[in-house]
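Structural characterization, general
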Amino acid sequence: MIPPSDRRRFLTRAAATLGLLPLAGCDELSARPWLTRLLASAERLTHWAQRDLLPHRALAREYSEADVSLVFKANGSTNPRDPDYRRLAEGNFVDWRLDIRGLVETPLRLSLDQLRAMPSRTQITRHDCVEGWSCIGKWTGVPLAALLAQAGMRPQARYAVFHCADTLEEGEDRYYESVGLDDATHPQTILAYELNGAPLPIAHGAPLRVRIERQLGYKSAKYLMAIELVDSLAGFGAGKGGFWEDRGYEWYAGI
Ligand SMILES: Nc1nc2c(c(=O)[nH]1)N[C@H]1C(S)=C(S)[C@@H](COP(=O)(O)O)O[C@H]1N2
Ligand SMILES: [Mo]
């Protein structure tokens, strides 16, 4: 909700912009209820346009079943050697949990069964890797927005950091990624546990990977262990917001 003082300022500014009020005569507004109503509908229109039309909420293209790639290429880590991950995989991920923590009201700790029991979204999208290949796949998972709503985002939260189970290269940090809250709460941002109607294979990030559909493939972190809401990316890796970002890639990798 827009606080009344901000709303009043908005309406007054809108009235002045439209030439309906001299700037000095702000209180004129209360004397003209018809004007308040007119501007309030303009405000609703603006909010709708921002939410549904502007590029930051735009949907990535979705494809049909016939477009799905026969083989979806696997890239980066495809079979993590990390001992704690191996143990979870050997137990069929029964002991695996996803932590949602950081700047949230109520931290969550969810099993795969709990995630599978939640409302899901299925989408057929194209994955573009920075290395120059693309594949189309059908992903099913839980919208991250729903989980963040359940956890309750604190007002200071600005980014979602994805913590992964794999170490890409011997002796390196574990893979991690991050996005702004616009992408974290975007309707196509899902925590996927299925690819093409089958449980997510290890090569593609089992048991759970995020899909960030409007950015390049390296943002779609596999082998998720935790999602942390933060107000700064400074404390992770080299501070650039991701494993590859720390090695020179763009943080906002828009397609
Ligand atoms: N945890 C983790 N996530 C990752 C990677 C990785 O090595 N480790 N590689 C990234 C890159 S560069 C790409 S292109 C995609 C590959 O996903 P895929 O194996 O399902 O094709 O995962 C991304 N997410
Ligand atoms: Mo990639």
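Everything below is about the structure printed above this text.
For clarity, every value in this text was computed on a predicted model and none was experimentally measured.

This part takes up the site of ligand 1. Contacts to ligand 1 come from 22 residues, most closely from Lys73, Ser77, Asp166, His204 and Lys222. In this structure, Asn75 approaches ligand 1 through a main-chain N or O atom, which is 2.8 Å from an oxygen atom. For ligand 1, an oxygen atom lies 2.8 Å from a polar atom in the backbone of Ser77. Protein contact buries 98% of the 520 Å² of open area that ligand 1 shows by itself. Residue classes in the shell around ligand 1 are distributed as eleven nonpolar, seven polar and four charged.

Before going further, it helps to examine the pattern of salt bridges. Summed over all chains, the structure comprises 14 salt bridges. Of the charged contacts in the structure, one is a salt bridge between Asp84 and Arg174, with a shortest N-O distance of 3.0 Å. Here Asp84 is found in helix H3 (residues 83-90), whereas its partner Arg174 is found in strand S6 (residues 174-180), with 90 residues between them in sequence. The exposure class assigned to Arg174 is partly exposed, which follows from its relative accessible area of 35%. One salt-bridge network, in which partners are shared between bridges, spans Asp82, Asp84 and Arg174.

This part is about the nonpolar core. Counting residues in each nonpolar core, the largest one holds 43 residues, and the members touching the most others are Leu147, Phe162, Leu191 and Leu224. The contacts of Leu147, once residues within four sequence positions are left out, are Ile100, Leu108, Leu110, Leu115, Met118, Val142 and Leu191. Counting residues in hydrophobic clusters, the runner-up holds nine residues, among them Cys135, Ile190, Ala192 and Leu195.

For helix H5 (residues 144-151), the set of buried residues is Leu144, Leu147, Leu148 and Ala151. Take H5 and look down its axis: the buried residues cluster within an arc of 100 degrees, on one side only. At the C-terminal side of H5, Gly152 shows a positive phi close to 80 degrees.

What counts and how
- Residue numbers restart at each chain and count upward from 1, following the sequence in its written direction.
- Chains carry letters from A onward and ligands carry numbers from 1 onward, assigned in written order.
- At least 70 in pLDDT is required for a residue's local features to be given in this predicted model, at least 80 for side-chain atom pairs to be given and counted, and no such filter applies to totals for whole chains, interfaces and linings, which use all residues.
- Computation of side-chain values covers all heavy atoms of the structure but excludes hydrogens and water.
- Neighbouring residues are identified by heavy atoms, a residue being near a molecule or strand if any of them is within 4 Å of it.
- For this analysis, a polar contact is any N or O atom pair within 3.5 Å, provided that within protein one partner can donate a hydrogen and the other can accept it, and provided that sequence-adjacent residues contribute only side-chain to side-chain pairs.
- Accessible surface is estimated by sampling points in the Shrake-Rupley manner with a 1.4 Å probe; for residues, cover comes only from the protein chains shown.
- All residues other than Ala, Val, Leu, Ile, Met, Phe, Trp, Tyr, Cys, Pro, Asp, Glu, Lys and Arg, Gly among them, are scored as polar; the first ten of these are nonpolar and the last four charged.
- By convention in these notes, a salt bridge is any Lys or Arg side-chain nitrogen within 4 Å of a carboxyl oxygen on Asp or Glu.
- Strands are runs of DSSP state E lasting at least 2 residues, helices are runs of H or I lasting at least 4, and numbering of each runs from the N terminus.
- Between buried and exposed lies partly exposed: a residue is buried under 20% and exposed over 50% of the maximum accessible area for its type, with that area taken using a 1.4 Å probe on protein chains only.
- We define the nonpolar core as a collection of buried residues of types Ala, Val, Leu, Ile, Met, Phe, Trp, Tyr and Cys that are connected through side-chain atoms lying within 4.5 Å of one another.
- In this analysis, two residues are considered to be in contact whenever any of their non-hydrogen atoms come within 4.5 Å of each other.
- This arc is built from the directions going out from the helix axis to the C-beta atoms.

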